[in-house]
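Okay, here's what each chain looks like letter by letter:
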Amino acid sequence: MIRVTLPPHLRNLAGVSGEVRLDLTGTITLGAVLDALEATYPVLRGAIRDHGTKRRRAFVRFFACEEDLSHEPPDTPLPGAVASGAEPLLVIGAMAGG
């Protein structure tokens, strides 16, 4: 069981409260979690990653076990604590401006 914490605006969009839990098998990668998240909540397609390129949106960041995974390739295995469900994958809406 993979735990994913979404920022409030994506939780509202998906119609969920609290953490999202996903069942995945095999190697748990960032891309596999995002694929499962978008398959379970189709309304999130295009909100986290571009529809065509599957690249992360500019103001979305990914963190796991205090590591920034935002610039890692999608086939990057997630830390064991995330893969086991002990720690969540954090999807964060970054802020910008002045």
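The structure this text deals with has already been given above.
Computed from a prediction, not measured in an experiment: that's the story for all the values here.

Check the secondary structure of the protein and you find 3 helices and 5 strands. Tracing the protein from N to C terminus, the helices and strands come up as β-α-β-α-β-β-α-β. Seen along its three principal axes, the alpha-carbon backbone of the protein occupies a region of about 40 × 25 × 25 Å. Partitioning the intrachain contacts of the protein with sequence separation of at least 6 by distance along the chain shows that 51% fall at a separation of at least 24. A total of about 5600 Å² of accessible surface is found on the protein, and carbon and sulfur atoms cover 53% of it. Computed over 10 positive and 11 negative side-chain charges, the inter-centroid distance for the protein is 7 Å.

So, on to unusual backbone geometry. The backbone phi angle of Lys 54 is positive, close to 65°, even though this residue is not glycine. The residue Lys 54 is located in the loop between α2 (30-40) and β3 (60-64) in this model. Overall, the relative accessible area of 40% leaves Lys 54 in the partly exposed class. Positive phi values are uncommon outside glycine, yet Glu 66 reaches one of about 65°. Here Glu 66 lies in the loop between β3 and β4 (67-68).

On the surface, Glu 66, Glu 67, Glu 72 and Glu 87 cluster together into a negatively charged patch. Within the secondary structure, Glu 72 sits in the loop between β4 and α3 (80-83). Overall, the relative accessible area of 39% leaves Glu 72 in the partly exposed class.

Working definition: the strands of a sheet are paired by backbone hydrogen bonds and lie parallel or antiparallel to each other. Taken in spatial order, the 5 strands make up an open sheet running β2-β1-β5-β3-β4, and their pairing is mixed. Each edge of the open sheet carries a strand with a single partner, namely β2 (20-22) and β4. Two elements, β3 and β4, share 2 bridges in a ladder whose sense is antiparallel. Pairing of Ala 64 across the sheet is with Glu 67, part of β4. Against the sheet, α2 engages β1 (2-5), β2, β3 and β5 (89-93), with an angle of about 110° to β2.

Attention shifts here to the pattern of salt bridges. Taken as a whole, this structure holds 7 salt bridges when the rule is applied. Of the charged contacts in the structure, one is a salt bridge between Arg 3 and Glu 19, with a shortest N-O distance of 2.8 Å. Separated by 16 residues along the polypeptide, Arg 3 in strand β1 and Glu 19 in the loop between α1 (8-14) and β2 bring together distant segments of the chain. The exposure class assigned to Glu 19 is partly exposed, which follows from its relative accessible area of 29%. Where Arg 57 meets Asp 50, a salt bridge forms, and the shortest distance between an N and an O atom there is 3.8 Å. Overall, the relative accessible area of 25% leaves Asp 50 in the partly exposed class. Taken together, the shared-partner salt bridges connect Asp 35, Glu 38, Arg 49 and Lys 54 into one network.

Criteria and cut-off values
Residues numbered from 1 in each chain as written. Predicted model: local features only at pLDDT ≥ 70, side-chain atom pairs only at ≥ 80, totals over all residues. Heavy atoms only, no water. Helix = DSSP H or I, 4+ residues; strand = E, 2+ residues; numbered from the N terminus. Contact = heavy atoms within 4.5 Å. Areas by Shrake-Rupley, 256 points an atom, 1.4 Å probe, with all protein chains shown as cover. Lys, Arg positive; Asp, Glu negative; His and termini not counted. Charge placed at Lys NZ, Arg CZ, Asp CG, Glu CD. Buried < 20%, exposed > 50% of the residue type's maximum accessible area, 1.4 Å probe, protein only. Patch = residues over 30% accessible without salt bridge, like charges linked within 9 Å, V, L, I, M, F, W, Y side chains within 5 Å. Salt bridge = Lys/Arg side-chain N within 4 Å of Asp/Glu carboxyl O. Pairing = 2+ DSSP bridges. Axes fitted to C-alpha atoms, helices over the stretch in contact; angles between N-to-C directions.

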